[in-house]
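Chain by chain, the residues run as shown.
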Amino acid sequence: MTISTTVVPTRYWHRLEDGRVQCDLCPRACKLHDGQRGMCFVRACEDGEVVLTTYGRSSGFCVDPVEKKPLNHFLPGTPIFSFGTAGCNLACRFCQNWDISKSREIDTLADAASPEGIAAAAERLGCRSVAFTYNDPVIFHEYAIDVAQACHERGIRSVAVTAGYMCAEPRVEFYRHMDAANVDLKAFTDRFYHELCAARLEPSSCRSSRTISRTCSSTEGPSSCLGVVAILNTIDECRRAVPPRAVNPELSDDSRR
Ligand code: SF4
């Protein structure tokens, strides 16, 4: 069964002199002719404008413990309503959700999910928060913000699980609507980002963390977690990059296997 996705206009783009349009949501800055899709596959050029093609469609829902996001001091012991869409603006070779993040099939987005519908389902299932997860919410920026607003109207918190690969202006707007975030730092070197994620280190997680501490909307204060993807990072690299107290002294490279 093929379900058509919902296409909505977007804000972060501009027209180029050669007739193409450039998406300004993430540092990839995809330059598109009419009919072309960006690297994330879900933002495209239609009628000379950049649109989001996956608004209101989900690749799946699940009720998880909030600690699975993983958040340790945010509504501890409560269930969180998790959902995602399809596509991603990174290309990590070690992606665990590759069937969703690299999906080119519209059937992946099998469930209709309006912002109000997601907020109502979370409330019905006793969840005090909703997580944008499975794939990166950066690429469905407009949809994630509308879901967060619908959730806030019911007193439900919003949580982003993201790599934070986003340009400055949309980044500030995005985190203003989030109550908590887990920003996955893939590695400590630009070479790692370049060779294994087809991205760059600098515009991603670290800047996100600084933005979160200024803009996250939770009444309990911003809650953020910088998660380091363990695979292919050595413990020595971790120790060089972060304060000593942040790394368990008992860890060794053998303990990751
Ligand atoms: S959000 Fe998608 S279309 Fe926009 S620059 Fe990033 S990868 Fe390209």
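Here is a short report on the structure shown in this document. (Residues numbered from 1 in each chain as written. Predicted model: local features only at pLDDT ≥ 70, side-chain atom pairs only at ≥ 80, totals over all residues.)

### Observations concerning the site of the ligand
What counts is decided by this rule: Residue proximity rests on one test: whether the C-beta atom, placed from the backbone, lies within 6 Å of the molecule or strand. In this classification, Asp, Glu, Lys and Arg are treated as charged, Ala, Val, Leu, Ile, Met, Phe, Trp, Tyr, Cys and Pro as nonpolar, and every other residue, Gly included, as polar.
Contacts to the ligand come from Cys23, Leu25, Cys26, Arg28, Ala29, Cys30, Gly38, Met39, Cys40, Arg43, Asn89 and Ile139. Of the residues contributing to the shell around the ligand, the split by class is eight nonpolar, two polar and two charged.

### Looking at the nonpolar core
For clarity, the cut-off: Joining buried Ala, Val, Leu, Ile, Met, Phe, Trp, Tyr and Cys residues through C-beta atoms within 7 Å gives a set, and that set is a nonpolar core. Put plainly, a residue is buried at 20 or more neighbouring C-beta atoms within 10 Å of its own, exposed at 12 or fewer, and partly exposed in between, counting only other residues' C-beta atoms, which are placed from the backbone. For each domain, the first and last residues come from an automatic or database assignment. Each residue is represented by a C-beta atom placed from its backbone, and any two residues with such atoms within 7 Å are regarded as in contact.
Counting residues in hydrophobic clusters, the biggest one holds 61 residues, and the most contacted among them are Ile118, Ala122, Val130, Val147, Cys151, Val159 and Met178. For this core, the domains that each give at least three residues are domain 1 (8-52) and domain 2 (57-246). Beyond its immediate chain neighbours, meaning those up to four positions away, Ala122 contacts Phe81, Cys127, Val130, Cys151 and Ile156.

### Some words on helix 3 (residues 141-153)
Owing to its 3.6 residues per turn, the α-helix aligns residues three or four sequence positions apart on the same side. Filter applied, for reference: Helix numbers and strand numbers start at the N terminus; a helix is a DSSP run of H or I with at least 4 residues, a strand a run of E with at least 2. Multiplying 1.5 Å by the residue count of a helix minus one yields the expected span of that helix.
With 13 residues, helix 3 should cover 18 Å at 1.5 Å per step; its first-to-last C-alpha distance of 19 Å lies within 8% of that length. Listed in full, the buried residues belonging to helix 3 are His141, Tyr143, Ala144, Ile145, Asp146, Val147, Ala148, Ala150 and Cys151. Here the buried face of helix 3 lies against strand 6 (49-55), helix 2 (115-124), strand 11 (129-132), strand 12 (157-162) and helix 4 (168-176). Directly after helix 3, the chain includes Gly155, whose backbone phi takes a positive value near 75 degrees.

### Overview of the sheet that holds strand 1 (residues 6-9)
Defined as follows: For two strands to count as paired, DSSP must find a minimum of two bridges between them. Between the N-to-C directions of two axes lies an angle of 0 to 180 degrees, each axis being a line fitted to C-alpha atoms and, for a helix, fitted only over the stretch in contact.
Taking strand neighbours across the sheet as the criterion, the three strands line up as 1-6-5 in an open arrangement whose pairing is antiparallel. Unpaired on one side and paired on the other, strand 1 and strand 5 (43-46) mark the two borders of the sheet. Pairs of neighbouring strands in the sheet enclose a mean axial angle of 45 degrees, with direction left out of account. Pairing of strand 5 with strand 6 involves four bridges; the strand directions are antiparallel. Following the sheet pairing, Ala44 is matched in strand 6 by Val51.

### Digging into unusual backbone geometry
With an omega of -5 degrees, the peptide bond running from Lys69 to Pro70 counts as cis. Tracing the backbone shows Pro70 in the loop between strand 8 (60-65) and strand 9 (79-84). Backbone geometry places Ala29, a non-glycine residue, at a positive phi of 50 degrees. One can find Ala29 in the loop between strand 3 (21-23) and strand 4 (31-32).

### Structural notes on the sheet that holds strand 4
With antiparallel pairing, three strands are arranged side by side in an open sheet as 2-3-4. Across the chains shown, the open sheet's two edge strands, defined by having one partner strand only, are strand 2 (13-15) and strand 4.

### Quick word on the environment of Thr78
Assignment of secondary structure puts Thr78 in the loop between strand 8 and strand 9. Sequence separation between Thr78 and Glu67 is 11 residues; the distance between their C-alpha atoms is 8.4 Å. Excluding residues that lie within four positions of it along the chain, Thr78 makes contacts with Val66 and Arg128.

Purely geometric stuff here, so don't read any function into it on its own.
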